[in-house]
Amino acid sequence: MRPLLEVNNLEKSYNKQVVLDHVSFVISEGAHIGLSGRNGAGKTTLLKVLAGDTEPDAGTIKLMPWTRLGVLRQHELLPSDMTTLAYFSSGSGRPEWECAKLASRFGMQKKDLEKIPTTLSGGYQMRVKLVRMLLDQPNLLLLDEPMNYLDLPTILLLEAFLKDYSGSFIMTSHDREAMQSICTSTFEVEGGKLVEFPGDLETYLDWKEEQVEYAKRTNKRLRREIAHTQEFVDRFRYKASLATRAQSKLHHIAKLRSQLHQIGRALPTTAFKIPCPPVVPGPAVRCEDLAIGYGEKVIVGGINYEVPRGAKVAIVGENGHGKSTFLKTLAGTTPVLGGKMKWWHRADIGYFSQMSEDSLVPNETVLEALMRGAGTETPAERVLAAAGAFLFRNDDLEKTCNVLSGGERARVRLAQLVLQQHNVLILDEPTNHLDVETVEVLARALKEYAGTIFIVSHARSFMNAIIDEIFEIHNGIGHRYIGTYEEYVADLVALSEQTTHGDPETKEAHAEESSNRHLRATERRAILRNQQKLLERQKKLDAEKSEILGYYFDNPTDYAPAKATRLAEIDEELTQIEKEWFALEASLVG
């Protein structure tokens, strides 16, 4: 394979922090590289230097004459004065039919191409950027977190494309499942150095752990031998008859010391728990014919949904279809447009939005912001544990909020939130800007959290670790999806294949029909699973109701207001289950 890019002795520092320290590597044709490393290790800096957006302090970057570089930039502005198809054609100089053919690989149909790019949803705008980049026919792509802010359907389309991509790319992603699926070799930046490994991410992590264990065993053996030899030297170095031998032993000790393996400092990881007041069984929130949207515009209507306390709920669907609006409505920051939404009277809601930074005071340090967010009764050890889990340690704690990057500000607000005593968490894309290890720590903490969670995220490994219930929003309709998150992703994969493969000319004519047919089959499976889950819930409630009634039968004179309250809640929930079951049955017949 011919080389596409050569890097020699690359150096880059920010103030006193060395980010890249004599980094050298070659990217050849056909390389699919996953760039790994903790937040702040230098992944983005490396990609910016390769793209020419940042100057290195030293070293050389050589692009070969046959290399065509493609860079995906998150904040690239799209035009607002021409259609998407015209933007593709005028920018690339390629005929419209060729542009439409490539766009169809990303599920973009004629109706999408006729729209102005800035009017498309966020997910489709990223599709536009991808298509426009690929129309220049690059053979080396630089992709820094290309899946941030993408909806899951777009992530699956991009993943399928990159798997089959004949060119080379180097990419970062906080989604370990995506990296594992797409990348066949691994680079890791750590402590300014770059390690190359000819295998996928999981294999590399296993190899890295084995290397550390081997180094520890070797060092232990060498130190035992050094100590034994040093003991001989200490005893006999001043005896004339053994002085020469002792001197030889000293040389041997020096040789043994040179063989000791340098083991990198273990990167800190922190396990922490999210505090939560006691939660008793019952519904957390109930929606009846709820309509959500902005101003007078209804985005989703007729939502009938009840969530039990302690549930971990994923809100799923394409970007621009109402997921964030639903979260804002649940959090009370956006008003209800119609119907009813009733929270448990003891619900204490904590809301995290990627777009809001109002909770940060510019001149506060990170530590002061966390202490304020946690409250005076929170132990300092818990505050420091949460700070460490979100990568704020030592000097980072003394930074003022006004000098933090966007990602750092998001991490401060997320750490503030998990330190507070909420029994409901509403989280909109909490994993953006977090590295893989921190995402895993957060996932474990959320899974063990006793309260109720509503979450929007497209990090599949993260969601698989947490979610036990799914609510899908699609084309103005919201419904409970019965099944695992893996099953939901599998349905999306099947739909993606249905709408993106085949001859573009004939596919355009049949895309909507085949999509609707697949959706009907998917919705039917979801409805049947919904009904089954409702019946299972009904069975549990009937058993609990029988137990309470049995108590009253055995203790007719006892005053038990808590049981009476719970009995009323059960009756109300059973009535709601019956309504939902018949509504689902009616939709099956329809």
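Throughout, a residue's number is its position along its own chain's written sequence, starting from 1. With the structure being a predicted model, the display of local features is reserved for residues of pLDDT at least 70 and the display and counting of side-chain atom pairs for 80 or more, all residues being used for whole-chain, interface and lining totals. Hydrogens and waters are ignored; side-chain quantities use all the structure's heavy atoms.

Turning our attention to the overall build of the protein chain. Runs of H or I in DSSP of at least four residues are treated as helices and runs of E of at least two as strands, each being numbered from the N terminus. Looking only at helices and strands, the protein chain has 18 helices and 18 strands in total. Residue exposure (1.4 Å probe, protein chains only): buried if accessible area is under 20% of the type maximum, exposed if over 50%, otherwise partly exposed. For the protein chain, buried positions account for 48% of its 590 residues. Here a residue-residue contact requires only that any non-hydrogen atoms of the pair lie within 4.5 Å. Considering only intrachain contacts with a sequence separation of at least 6, the fraction spanning at least 24 residues in the protein chain is 72%.

Of note, the phi angle at Glu145 is positive, near 45 degrees, even though the residue is not glycine. Residue position: Glu145 is located in the loop between β6 (140–144) and α6 (152–163).

This next bit is on the sheet that holds strand β14 (residues 349–352). Strand pairing follows a simple DSSP-based rule, namely that at least 2 bridges must link the two strands. Taken in spatial order, the six strands make up an open sheet running β14-β15-β16-β12-β17-β18, and their pairing is mixed. In this open sheet, the two strands that pair with only one neighbour each are β14 and β18 (477–481). Adjacent strand axes in the sheet meet at a mean angle of 15 degrees, parallel and antiparallel pairs treated alike. Relative to strand β16 (residues 452–456), strand β12 (residues 312–316) is paired through three bridges, and the arrangement is parallel. For Lys312, the partnering residue across the bridge sits in β16 and is Ile453. Note on definitions: angles span 0 to 180 degrees between N-to-C directions of axes, and those axes are lines fitted to C-alpha atoms, for helices only across the stretch in contact.

The next thing to look at is the nonpolar core. Here, nonpolar core means buried Ala, Val, Leu, Ile, Met, Phe, Trp, Tyr and Cys residues that are tied together by side-chain atoms lying within 4.5 Å of each other. Phe88, Leu162, Phe169, Met171, Phe390, Leu446 and Phe462 are the most contacted members of the largest nonpolar core, which has 89 residues in total. With eight residues, helix α5 (residues 122–135) is the largest single contributor of residues to this core. Dropping the residues within four chain positions of it, Leu446 is found in contact with Ile274, Lys312, Leu425, Leu427, Ile453, Phe462 and Ile466. In this structure, Leu5, Phe25, Ile170 and Val189 belong to the second largest nonpolar core, which totals 24 residues.

Another point: the side chain of Thr334. Within the secondary structure layout, Thr334 lies in the loop between α10 (323–331) and β13 (338–343). A residue is classified by how much of its surface remains accessible, and Thr334, at 8% relative accessible area, is buried. Setting aside residues no more than four positions away along its own chain, Thr334 makes contact with Gly293, Tyr294, Lys328 and Thr329.

Let us now look at the packing of helix α11 (residues 366–374) against helix α12 (residues 380–389). The geometry of α11 relative to α12 is characterised by a closest axis approach of 10 Å and an angle of 125 degrees between their N-to-C directions. The pairing of α11 with α12 is recorded here as oblique in orientation. Between α11 and α12 the crossing geometry is right-handed. Contacts from Leu367, Leu370, Met371 and Ala374 of α11 reach α12 at Val383, Leu384 and Ala387. Split by residue class, the contact of α11 with α12 holds seven nonpolar, no polar and no charged. Throughout, the term roughly parallel applies to angles under 35 degrees, roughly antiparallel to angles over 145, roughly perpendicular to angles from 65 to 115, and oblique to all others. Two helices crossing with the near one rotated counterclockwise from the far one by less than a right angle form a left-handed crossing, whereas a clockwise rotation gives a right-handed crossing. The classification used treats Ala, Val, Leu, Ile, Met, Phe, Trp, Tyr, Cys and Pro as nonpolar, Asp, Glu, Lys and Arg as charged, and all other residues, Gly among them, as polar.

Along its 13 residues, helix α14 (residues 436–448) runs 19 Å from first to last C-alpha, staying within 8% of the 18 Å computed at 1.5 Å per residue. Listing the buried residues of α14 in full gives Val436, Thr438, Val439, Val441, Leu442, Ala443, Ala445 and Leu446. For a helix, the expected span equals 1.5 Å multiplied by the number of residues minus one.

Quick look at the packing of aromatic side chains now. Only Phe, Tyr and Trp rings are paired, with Trp represented by its six-membered ring, and only when their centres lie within 6.5 Å; those with planes under 30 degrees apart are stacked, over 60 edge-to-face, the remainder tilted. Summed over all chains, the structure comprises 15 aromatic pairs. Between Phe326 and Phe471, the aromatic rings sit 5.3 Å apart at their centres with planes inclined by 35 degrees, giving tilted as the arrangement. Separated by 145 residues along the polypeptide, Phe326 in helix α10 and Phe471 in strand β17 (residues 469–474) bring together distant segments of the chain. Classification of Phe471 as buried rests on a relative accessible area of 0%. Of the aromatic side chains, those joined through ring pairs into one cluster are Phe106, Phe161, Tyr165 and Phe169. In our convention, an over-ring charge means Lys NZ or Arg CZ found within 6 Å of a ring centre and within 35 degrees of that ring's normal. Lying across the ring of Tyr551, Lys563 places its NZ or CZ 4.8 Å from the centre.

A few words now on the sheet that holds β13. One open sheet holds the three strands; their spatial order is β11-β10-β13, and the pairing between them is antiparallel. Strands with a single pairing partner mark the edges of an open sheet, and in this sheet they are β11 (297–308) and β13. Within the sheet, the average angular offset between the axes of one strand and its neighbour, ignoring direction, is 20 degrees. In this sheet, β13 lies alongside strand β10 (residues 283–294) in antiparallel orientation, the contact comprising five bridges. What sits directly across from Val285, in β13, is Trp343.

Attention now goes to the pattern of salt bridges. In what follows, salt bridge is the name for a side-chain nitrogen of Lys or Arg lying within 4 Å of a carboxyl oxygen of Asp or Glu. Per the stated rule, a full pass over the model turns up 20 salt bridges. Close ionic contact of Glu159 with Arg460 constitutes a salt bridge, the shortest N to O distance being 2.4 Å. Placement of the pair is Glu159 in helix α6 and Arg460 in helix α15 (residues 460–466), with a sequence separation of 301 residues. Across this residue pair, the class does not change: Glu159 and Arg460 are buried.

A few words on the pairing of β18. In terms of strand pairing, β17 meets β18 through five bridges, oriented antiparallel. When the bridges of β18 are listed, Phe471 appears paired with Arg480. Between β17 and β18, which follow one another and run antiparallel, lie two residues, and Asn475 among them has a positive phi close to 50 degrees.

Residues of α10 that are buried include every one of Lys323, Thr325, Phe326, Leu327, Thr329 and Leu330, and no others. Residue Gly332 follows α10 closely and has a positive phi angle near 85 degrees.

The topology assignment puts Ser92 in helix α2 (residues 84–92). Residue class for Ser92 comes out buried when judged on its relative accessible area of 17%. Engagement of the side chain of Ser92 in a polar contact is seen with the backbone oxygen of Phe88, the distance being 2.6 Å. In contact with Ser92, other than residues within four places in its own chain, are Cys99, Arg132, Leu135 and Asp136. Polar contact is the term for a pair of N or O atoms within 3.5 Å; when the atoms are in protein, one must be able to donate a hydrogen and the other to accept it, and sequence-neighboring residues count only if both atoms are side-chain atoms.

This next bit is on the environment of Leu442. Relative to the assigned elements, Leu442 resides in helix α14. On the basis of relative accessible area, Leu442 is assigned to the buried category, the value being 2%. For the pair Leu442 and Ile274, spaced 168 residues apart in sequence, the C-alpha separation works out to 9.4 Å.

Time to look at the confidence of the model for the protein chain. Note: predicted coordinates in regions of low pLDDT should not be interpreted at a detailed level. Scored by pLDDT, the protein chain comes out at a mean of 83, with 89% of its residues at no less than 70. This model gives residues 503–515 a pLDDT under 50, and the stretch forms 13 contacts once residues within four places in sequence are excluded. Per-residue confidence from the predictor is given as pLDDT, running between 0 and 100.

Our focus in this paragraph is the packing of α2 against helix α3 (residues 96–104). With their axes 9 Å apart at the nearest point, α2 and α3 run at an angle of 115 degrees to one another. In the packing of α2 onto α3, the handedness of the crossing is right-handed. On the side of α2, the interface is formed by Leu85, Phe88, Ser89 and Ser92, while α3 contributes Glu96, Cys99, Ala100 and Ala103. Within the contact of α2 with α3, the residues separate by chemical class into five nonpolar, two polar and one charged.

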